[in-house]
Amino acid sequence: MPRARRTARQADLLRRLVALVAEEGFASFTLDDLAVRLRCSKTTLYQLAGSKQELVREAVKCYFRAAADAVEKQVADTSAPADRVVVYLKAVSEQLRPLSQRFLDDMADFAPAREVYEANTRHAADRVRQLITEGVAAGAFRDVHAAFVGEMVAATMQGIQRGEVTARTGLSDAEAYAELASLVVHAVSS
């Protein structure tokens, strides 16, 4: 079971686990494999989570928690409404770029990890709706139906998350988010 507070060693182990699975995926690893690759005991891994499934879910949550913080930091440093939308979606794109295709495939095939990605996608779509609403209210965007634009963004984000956009366009998740940023800003600009 994950602890609310981790020791420095546990935090470092989780950071290394996140880096490993982001680069190589996780489906093919056993706990023994992970212990060897991370140079720790299985007991040490069990201190992070009670099973491989919980460990993977915790690593995915950790990755997306850090990604969300990095994205919001970039948005906080931006004031113009159109720039905030672009910065948000491009920052999401940047955060997805390090994820290997193996990781994304494993995540799509493993419900607990997929649920984390889906929750983050829903949050991102809600955040884009909010940024568009703020831009319309500030007069920076034409008077669009922000909830509708947000729904279209959400549908696209869900298509990206499910791999449908990649399958139809050949764009990676990161590239698709960058294209979405350009499309949205051009669609709502005065």
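The coordinates are above.
Residues numbered from 1 in each chain as written. Predicted model: local features only at pLDDT ≥ 70, side-chain atom pairs only at ≥ 80, totals over all residues. Heavy atoms only, no water.

Asks: Residue-level account of the packing of aromatic side chains, with values.
Replies: Applying the stated criterion across every chain, the model contains 4 aromatic pairs. Each ring, one from Phe26 and one from Phe110, has its centre 5.8 Å from the other, and the planes form 65°; the classification is edge-to-face. Here Phe26, found in the loop between helix H1 (8–24) and helix H2 (31–38), pairs with Phe110, found in the loop between helix H6 (101–109) and helix H7 (111–137); they are 84 residues apart in sequence, far enough to count as distant. With respect to class, Phe26 is no different from Phe110; both count as buried. (Phe/Tyr/Trp six-rings, centres within 6.5 Å; stacked < 30°, edge-to-face > 60°. Helix = DSSP H or I, 4+ residues; strand = E, 2+ residues; numbered from the N terminus. Buried < 20%, exposed > 50% of the residue type's maximum accessible area, 1.4 Å probe, protein only.)

Asks: Go over the environment of Cys62 with me, naming the residues and quoting the values.
Replies: Here Cys62 lies in helix H4 (residues 52–76). C-alpha separation for the pair Cys62 and Arg15, spaced 47 residues apart in sequence, amounts to 8.2 Å.

Asks: Which residues make up empty space enclosed by the protein, and what are the values?
Replies: Summed over the entire model, instances satisfying the criterion amount to 1 cavity of 30 Å³ or more. Taken together, 16 residues form the lining of the largest cavity, with Phe64, Tyr88, Val92, Asn120 and Ala124 sitting closest to its centre. Mapped by element, the contributors of at least two residues to the lining of the largest cavity are H4, helix H5 (81–96) and H7. Broken down by element, the residue count for the lining of the largest cavity peaks at 6 residues, all from H4. Class assignment for the residues of the lining of the largest cavity results in 11 nonpolar, 4 polar and 1 charged. (1 Å grid on protein atoms, 1.4 Å probe; cavity = no way out; pocket = protein on both sides within 12 Å on 5 of 7 lines; lining within 4 Å. Points joined across faces, edges and corners; volume = space filled by probe spheres on them. Nonpolar A, V, L, I, M, F, W, Y, C, P; charged D, E, K, R; others polar.)

Asks: Talk me through the side chain of Asp173; I want residue IDs and the actual numbers.
Replies: Take Asp173: it is sitting in helix H10 (residues 173–188). Here Asp173 is buried and forms no salt bridge, its nearest opposite-charge partner Arg97 lying at an N-O distance of 11 Å. Within polar-contact distance, the side chain of Asp173 engages the side chain of Tyr117 at 2.8 Å. Once residues within four sequence positions are removed from consideration, Asp173 is found in contact with Leu96, Leu104, Tyr117, Ile160 and Thr166. (Lys, Arg positive; Asp, Glu negative; His and termini not counted. Salt bridge = Lys/Arg side-chain N within 4 Å of Asp/Glu carboxyl O. Polar contact = N/O pair within 3.5 Å; in protein donor to acceptor, adjacent residues only side chain to side chain. Contact = heavy atoms within 4.5 Å.)

Asks: Describe in detail H1, supporting the description with residues and values.
Replies: With 17 residues, H1 ought to run about 24 Å at 1.5 Å a step, and its terminal C-alpha atoms sit 24 Å apart, in line with that. Listed in full, the buried residues belonging to H1 are Gln10, Leu13, Leu14, Leu17, Val18, Leu20, Val21 and Ala22. The elements touched by buried residues of H1 are H2, helix H3 (42–48), H4 and H6. After H1 finishes, the residue Gly25 shows a positive phi value of roughly 80°. (Expected span 1.5 Å × (residues − 1).)

Asks: Residues and numbers for H4, please.
Replies: Taking 1.5 Å as the rise per residue, H4 with 25 residues should run 36 Å; its terminal C-alpha atoms sit 36 Å apart, in good agreement. Structurally, H4 contributes buried residues whose contacts are with H1, H2, H3, H5, H6 and H7.

Asks: So, unusual backbone geometry: which residues are in play, and what are the values?
Replies: Phi at Arg39 takes a positive value of approximately 55°, unusual for a residue other than glycine. Positionally, Arg39 belongs in the loop between H2 and H3.

Asks: Tell me about the nonpolar core, residues and numbers included.
Replies: In globular proteins that are soluble, nonpolar side chains generally tend to be buried together. By size, the foremost hydrophobic cluster in this structure holds 63 residues, and its most contacted members are Leu34, Leu45, Phe64, Tyr88 and Leu89. When residues in this core are grouped by element, the largest group, 10 residues, is from H4. Beyond its immediate chain neighbours, meaning those up to four positions away, Leu34 contacts Leu17, Leu20, Phe29, Leu45 and Leu55. (Core = buried A, V, L, I, M, F, W, Y, C linked by side-chain atoms within 4.5 Å.)

Asks: Describe the pattern of salt bridges, with residues and values.
Replies: Two side chains bearing opposite charge may form a pair once their charged atoms approach each other closely. Counted by the stated rule, this structure contains 11 salt bridges. In this structure, the salt-bridge partner of Arg15 is Asp12, at a minimum N-O distance of 2.4 Å. With Arg15 and Asp12 both in helix H1 and 3 residues apart, this pair spans about one turn of that helix. Owing to a relative accessible area of 30%, Asp12 belongs among the partly exposed residues under this scheme.

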